[in-house]
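The lines below spell out each chain.
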Amino acid sequence: MTTPIALRRPRERGVVLLFCLIILVVLLAGGVAVVRSMNSSYFSAGNLAFKRDLVNRGELAAAQVMTLFKTGALAGSADTADMKAENYSATTLPVNDRGIPTALLSNTAYDAKASKKIGNDNDAVTIRYLIDRMCNDVGTPASLGAKGCVYAPLTTQVLGGSSQRAKDDLPPPSSLIYRLTIRVDGPRNTQVFLQSSFTKPDL
């Protein structure tokens, strides 16, 4: 009669549990990374929306400046001297390496050069702008000479009949160039700079 031999059960070492824990840690880290990435994407999208809105708000300053040159204080030949009340400089303003007037880079420098800004108490948007004439000194363009100011290129006119040739052969008058630079401050410390060059609009 044979005696049954008791089989020894293999000792559990917990290897499978260890691998499961490692996988869970990896999945947890991946989940945290995905959540942080989504939050960053939402934040970036919100900032882009703010900037797009600030660009649209900046058009308010452009519209006011055009009215100022058409029927306001800078209409006609009244632009030969600085006008702090209209944010206007009759000479070219110093700029940084990106072409932005240094007077727009800080509120203190801006207040020393201009007195107008656009904003209201309903939102956190403030528009500051400066207009400068592309001349190296104050005075009329005629007194400054041909090299005293920057002018737009002459436009080509289409000649009419022979009766108009004598008049049309004369070159059209040059247009003096002005520069408008706008700084718009918005929520979340969002800031947008806009700049354009223009000539005096026709009345």
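Everything that follows concerns the structure shown earlier in this document.
**Q** So what's going on with the overall build of the protein chain? Which residues, and what values?
**A** Helix and strand content of the protein chain: four helices and five strands. Along the protein chain, from the amino end to the carboxyl end, the secondary structure elements read α-β-α-β-β-α-α-β-β. The burial tally for the protein chain puts 27% of its 203 residues in the buried class. Within the protein chain, contacts between residues at least 6 apart in sequence are counted, and of these 61% link residues at least 24 apart. Taken as a whole, the protein chain presents about 14100 Å² of accessible surface, with 59% of it coming from carbon and sulfur.

**Q** Break down the pairing of strand β4 (residues 177-185) for me, citing the residues and quoting the values.
**A** For β4, a buried count of nine out of nine residues is recorded, marking the element as mostly surrounded by other parts of the structure. Residues I177, R179, T181, R183 and D185 line one face of β4 and the alternating positions Y178, L180, I182 and V184 line the opposite face, and both faces are buried. Judged from the eight bridges that link them, strand β3 (residues 126-133) and β4 form a sheet pairing that is antiparallel. When the sheet's bridge partners are listed, R128 is paired in β4 with R183. Linking β4 to strand β5 (residues 191-199), which pair antiparallel, is a turn of five residues; within it R188 sits at a positive phi near 55°.

**Q** Outline the state of the cysteines, supporting the account with residue identities and numerical values.
**A** Scanning the model with the defined rule gives one disulfide in all. Covalently, C135 is tied to C149 through a disulfide, its sulfur atoms 1.9 Å apart. As the torsion about the S-S bond is roughly 110°, the C135-C149 disulfide counts as right-handed. With C135 in the loop between β3 and α3 (141-144) and C149 in the loop between α3 and α4 (162-168), this residue pair connects regions lying 14 residues apart in the sequence. You'll find C135 and C149 in the same group, each marked buried.

**Q** Could you give an account of the nonpolar core, naming the residues involved and the relevant values?
**A** With 23 residues, the main nonpolar core has F69, Y129, I131 and I182 as its most contacted residues. Mapped by element, the contributors of at least two residues to this core are α1 (15-70), β3, β4 and β5. If you tally residues by element for this core, the top one is α1, at five residues. Ignoring any residue separated from it by four or fewer positions in sequence, one finds I131 in contact with V65, L68, F69, L74, E86, N87, Y88, S89, R179, L180 and F198. The next biggest cluster of nonpolar side chains, apart from the first, holds seven residues, and it includes I100, A103, L104 and L130.

**Q** If you had to explain the packing of aromatic side chains to someone new, which residues and values would you point to?
**A** Each aromatic ring pair is summarised here by two numbers: the centre-to-centre distance and the angle between the ring planes. Per the stated rule, a full pass over the model turns up four aromatic pairs. Ring plane angle 75° and centroid distance 6.4 Å describe the contact between F69 and Y88, whose orientation is recorded as edge-to-face. Here F69, found in helix α1, pairs with Y88, found in strand β1 (residues 88-89); they are 19 residues apart in sequence, far enough to count as distant. Both residues of the pair, F69 and Y88, count as buried.

**Q** Before we move on, can you summarise a nonpolar patch on the surface with the specific residues and values?
**A** A grouping of L17, L21, I23, L24 and L27 is seen on the molecular surface, where their side chains present a nonpolar patch of about 520 Å² in accessible area. Here L21 shows up in helix α1.

**Q** Account for unusual backbone geometry, naming residues and giving values.
**A** One non-glycine residue with positive phi stands out, namely N87, at about 60°. Mapped onto the fold, N87 is located in the loop between α1 and β1.

**Q** Go over the pairing of β3, please, and point to the residues and values.
**A** Along β3, seven of the eight residues are buried, which leaves the element largely enclosed by surrounding structure. With two bridges connecting them, β1 and β3 associate as parallel partners. Following the sheet pairing, S89 is matched in β3 by D132. Across two bridges, the pairing between strand β2 (residues 118-119) and β3 is antiparallel.

Reading guide: rules and limits
- Residues numbered from 1 in each chain as written.
- Predicted model: local features only at pLDDT ≥ 70, side-chain atom pairs only at ≥ 80, totals over all residues.
- Heavy atoms only, no water.
- Helix = DSSP H or I, 4+ residues; strand = E, 2+ residues; numbered from the N terminus.
- Buried < 20%, exposed > 50% of the residue type's maximum accessible area, 1.4 Å probe, protein only.
- Contact = heavy atoms within 4.5 Å.
- Areas by Shrake-Rupley, 256 points an atom, 1.4 Å probe, with all protein chains shown as cover.
- Pairing = 2+ DSSP bridges.
- Disulfide = S-S within 2.5 Å.
- Core = buried A, V, L, I, M, F, W, Y, C linked by side-chain atoms within 4.5 Å.
- Phe/Tyr/Trp six-rings, centres within 6.5 Å; stacked < 30°, edge-to-face > 60°.
- Patch = residues over 30% accessible without salt bridge, like charges linked within 9 Å, V, L, I, M, F, W, Y side chains within 5 Å.
- Salt bridge = Lys/Arg side-chain N within 4 Å of Asp/Glu carboxyl O.

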